[in-house]
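# Survey of secondary and tertiary structure
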Amino acid sequence: IMDGNGRWGVKNKNSRNAGHKAGLNTVEKIIKESLKQKIKFLTLYAFSTENWKRPKREVNYLFNLLENFLRNRIEELHKQNIRLKIIGTKNNSKKLNNLLNLSEKKTSKNTKLQINLALNYGSKSELINAFKKLKQENDTITEQKVEKYLETKNIPDPEILIRTGNTKRL
């Protein structure tokens, strides 16, 4: 969870945006270490549904930072056999949505590491959307049927990984 970057930026650089930019350097270190440790799934909670309450200028900066990262790094991620999966609602700019879709498509067959980028994501909204789909299908509510409609349906639950011993701490 990328939390505290803005506060760090204000404290150390007198700018929330400087903190967000520094946080991106940390993300790159985490990706590198995840590869080194042979971790298969990494979820980065980059922008929650609650983050829309931030000042418009900060929100724009965050999305520009993401756009620049993808433009400059997606080829490198692809060469490293890293898959990018976006979870959340893509309702940003059309230009960024196109870039996100292109990045997902380009890396869709990669298998070394899957980065789940939680963007405009909230678990409550994910559950609500799953229940809406169940209702549309006039389907009964079971754990298996709810899971079928989750964006995270093909991402292993962390507790399963822990029980099988397939996790590593960074």
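In every chain, residue numbers begin from 1 and rise along the written sequence. Thresholds applied to this predicted model are a pLDDT of at least 70 for local features of residues and 80 or more for the giving and counting of side-chain atom pairs; totals over whole chains, interfaces and linings are not thresholded and use all residues. Heavy atoms throughout the structure, all of them, feed into the side-chain values; hydrogens and water do not.

## Remarks on the overall build of the protein
Secondary structure elements are taken from DSSP: a helix is a run of H or I of four residues or more, a strand is a run of E of two residues or more, and numbering for both begins at the N terminus. When you go through the protein residue by residue, the secondary structure sums to seven helices and three strands. In the protein, the succession of α and β elements from N to C terminus is α-α-β-α-β-α-β-α-α-α. Three labels apply to residues, based on accessible area from a 1.4 Å probe with only protein chains included: buried if under 20% of the type maximum, exposed if over 50%, partly exposed otherwise in between. Per-residue burial for the protein yields a buried fraction of 34% across its 170 residues. By definition, residues are in contact when any of their heavy atoms lie within 4.5 Å. At a minimum sequence separation of 6, the contacts of the protein that also span at least 24 residues come to 71%. Only the protein chains shown count as cover for residues, and the accessible areas themselves come from Shrake-Rupley with a 1.4 Å probe. Looking at the protein as shown, the accessible area adds up to about 11,500 Å², and 50% of this sits on carbon and sulfur atoms.

## Some points on the pairing of strand β3 (residues 113-121)
Summarising burial for β3: nine of the nine residues are buried, a large majority. Bridge analysis of strand β1 (residues 41-48) against β3 gives seven bridges, and the strand direction is parallel. Across the sheet, residue F41 finds its bridge partner in β3, namely Q114. As paired strands, strand β2 (residues 82-87) and β3 are joined by six bridges and run parallel to one another. Along β3, the bridge assignment pairs K85 with N116. Two strands pair under a simple rule: DSSP has to find at least two bridges between them.

## A look at helix α3 (residues 56-79)
Residue pairs three or four apart in sequence face the same way in an α-helix, which turns once every 3.6 residues. Taking 1.5 Å of rise per residue, 24 residues should cover 34 Å, and α3 covers 35 Å from first to last C-alpha, within 8% of that figure. Residue R73 marks the point of greatest curvature in α3, where the axis turns by about 55°. By the burial criterion, the buried members of α3 are E58, V59, L62, F63, L65, L66, E67, F69, L70, I74 and L77. A positive phi of about 65° marks N81, the residue just after α3. In this analysis, the expected span of each helix is defined as 1.5 Å times one less than the number of residues it contains. Note that bend, as reported per residue, equals the angle between axes fitted to the 7 residues terminating at that residue and the 7 residues originating from it.

## Some thoughts on the sheet that holds β3
Read across the open sheet, the three strands follow the order β1-β3-β2; overall the sheet is parallel. The strands lining the two open edges of the sheet, one partner per strand, are β1 and β2. Between one strand axis and the next, the sheet turns by 20° as a mean value, whatever way the strands run. The sheet contacts of α3 involve β1, β2 and β3, and relative to β2 the element is tilted by about 150°. Every axis in this analysis is a line fitted to C-alpha atoms, fitted for helices over the stretch in contact. Angles between the N-to-C directions lie between 0 and 180 degrees.

## Considering the pattern of salt bridges
Any carboxyl oxygen of Asp or Glu within 4 Å of a side-chain nitrogen of Lys or Arg constitutes a salt bridge here. Going through the model one piece at a time under the given rule, you end up with seven salt bridges. Between E28 and R73 there is a salt bridge, with the nearest N and O atoms lying 3.2 Å from each other. Taken as a pair, E28 in helix α2 (residues 16-36) and R73 in helix α3 lie far apart in primary sequence, 45 residues in all. The exposure class assigned to E28 is partly exposed, which follows from its relative accessible area of 26%. Of the charged contacts, one joins R71 and E67 as a salt bridge, the two residues approaching to 2.9 Å between their closest N and O atoms. Of the two residues, R71 and E67 are both situated in helix α3; the distance of four residues between them amounts to about one turn of the helix. Taking relative accessible area as the criterion, R71 reaches 48% and is therefore assigned partly exposed. One continuous salt-bridge network, built from bridges that share partners, spans E28, R73 and E76.

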